[in-house]
Structure formats: structure tokens, C-alpha cells
Amino acid sequence: MEPDAQTVDRAKQQAYRSLAYRSQTRRELRDRLQRQGYSIEVIDNVLRDLEAAGYVDDNKVALNWARYRLQNKPMGRRRLAWELQQRGVPSASVEAVLREVYGEVDEVSLAEQATRKRLGSSELPSSPRERQRYVRYLFNLGFDTDIIAAALAAVSPSMAALDVVSDDDPC
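These notes cover the structure that comes with them. (Residues numbered from 1 in each chain as written. Predicted model: local features only at pLDDT ≥ 70, side-chain atom pairs only at ≥ 80, totals over all residues. Heavy atoms only, no water.)

For the protein, the count of helices and strands is 10 helices and zero strands. Seen in sequence order, the protein has helices and strands lined up from the N terminus as α-α-α-α-α-α-α-α-α-α. For 171 residues, the compact-globule formula gives about 16 Å, and the C-alpha radius of gyration of the protein, at 22 Å, lies well above that figure. Dimensions of the protein along its principal axes, counting C-alpha atoms only, are 70 × 30 × 25 Å. When the 171 residues of the protein are sorted by exposure, 43% land in the buried category. Split by element, the accessible area of the protein, about 9,900 Å² in all, is 47% carbon and sulfur. Charge-centre separation for the protein: the mean point of 26 positive side chains lies 6 Å from the mean point of 26 negative side chains. (Helix = DSSP H or I, 4+ residues; strand = E, 2+ residues; numbered from the N terminus. Rg over C-alpha atoms; globule rule 2.2 N^0.38 Å. Buried < 20%, exposed > 50% of the residue type's maximum accessible area, 1.4 Å probe, protein only. Areas by Shrake-Rupley, 256 points an atom, 1.4 Å probe, with all protein chains shown as cover. Lys, Arg positive; Asp, Glu negative; His and termini not counted. Charge placed at Lys NZ, Arg CZ, Asp CG, Glu CD.)

Here it is in C-alpha cells:
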């Protein structure tokens, strides 16, 4: 059964209002319209029209979101991939976006930036227990252990990279 044109127009107006607030992925719009009580048929019609008009583009949203997040909060590939997947970006698009945005920036410098922000004006602690807190912090931001070791060694040149992250130390 074809949905009522008036209902489709109301749903489309809701989608336009939502998109005026911020760009959204197809899944985010679908979820929002479902919460507002629209049927699947109505939502599919609206999303098809919005995609044809260029208002909904998951790849563009993912790329803009990734650049914004890296500019405002340094994070590693794992964390950014997780955030993009939570927004409903398809896996193939996530990989392409990660390649593009991490091709533009140096991941070690992002980890250094996050460490310096966390440290403030103080020095990296010398005790292994305190250093591990920074390793866990960077690991939770999605950085790999080799990136973490390089970043912490750059922040505190007197510390050897091997002393920062050891293989038998779980993050």
C-alpha cells in the first residue's frame, strides 16, 4: 500500500528540521522518524527523496564528523571507527574515511597532543604505575600501543620507548 502523500510531506518536513540542526546519517534520520511514529514505508519514501536531492549522504557526514572529532578531540583509529559505526556509517565507508583522515594527520602527534592536554603543565610521571595511567588513557582513546609508546617518548625524551609500554602489560 502506497503511503498517504500528506503523511510523507509531514515526515519530510520533520526530516528537514532535523537536518537543519545538523547533518545526519541515513540511520540516524530513520531512527528519529521511527521514534516520531512514522511507518517504514513513509520513512523509506522520505529517505529516498532526501538522498536523491543530496540532503542525506553517509560518506560526506562521516568524513565531516571524523575531521571535526580529530580537530577537537585527538583520538586513535579504533575509537573513531567505533564512533562512526555508532552513527550508522557502513563499514566500507568507515574504512575509506579512516584512510583519508589519518592520511591528513600524524597519529603520533595526535597522541602527543592528547597526552600534553591531559598532563597540563606537569611532567610525565616517573613511576611505572602513574605512567600506566597515561598508557590506559591513550589506549581508551583508541591509539595502538606503538603509537602510544612513540607519543609518550616524544613527550618525555628522557624515557625510553620500551619503558613506556611493555608487551606483558595489559592496557
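One pass over the structure, following the stated rule, counts 14 salt bridges. Salt-bridge contacts for Asp 31 lead to Arg 27; the nearest nitrogen and oxygen are separated by 3.9 Å. Of this pair, Asp 31 and Arg 27 both sit in helix α2 (residues 26-35), four residues apart, roughly one helical turn. The partner of Glu 28 in a salt bridge is Arg 87, with the nearest N and O atoms 2.9 Å apart. Of the two residues, Glu 28 is situated in helix α2 and Arg 87 in the loop between α5 (77-86) and α6 (91-104); the sequence distance between them amounts to 59 residues. Residue class for Glu 28 comes out buried when judged on its relative accessible area of 15%. Connected via shared salt-bridge partners are Arg 22, Glu 28 and Arg 87. (Salt bridge = Lys/Arg side-chain N within 4 Å of Asp/Glu carboxyl O.)

All right, on to the environment of Ala 151 then. Inspection of the secondary structure puts Ala 151 in helix α9 (residues 145-155). Judged by its relative accessible area of 0%, Ala 151 falls in the buried class. Sequence separation between Ala 151 and Arg 48 is 103 residues; the distance between their C-alpha atoms is 45 Å. Not counting chain neighbours up to four residues away, the residues in contact with Ala 151 comprise Val 108, Ala 111 and Glu 112. (Contact = heavy atoms within 4.5 Å.)

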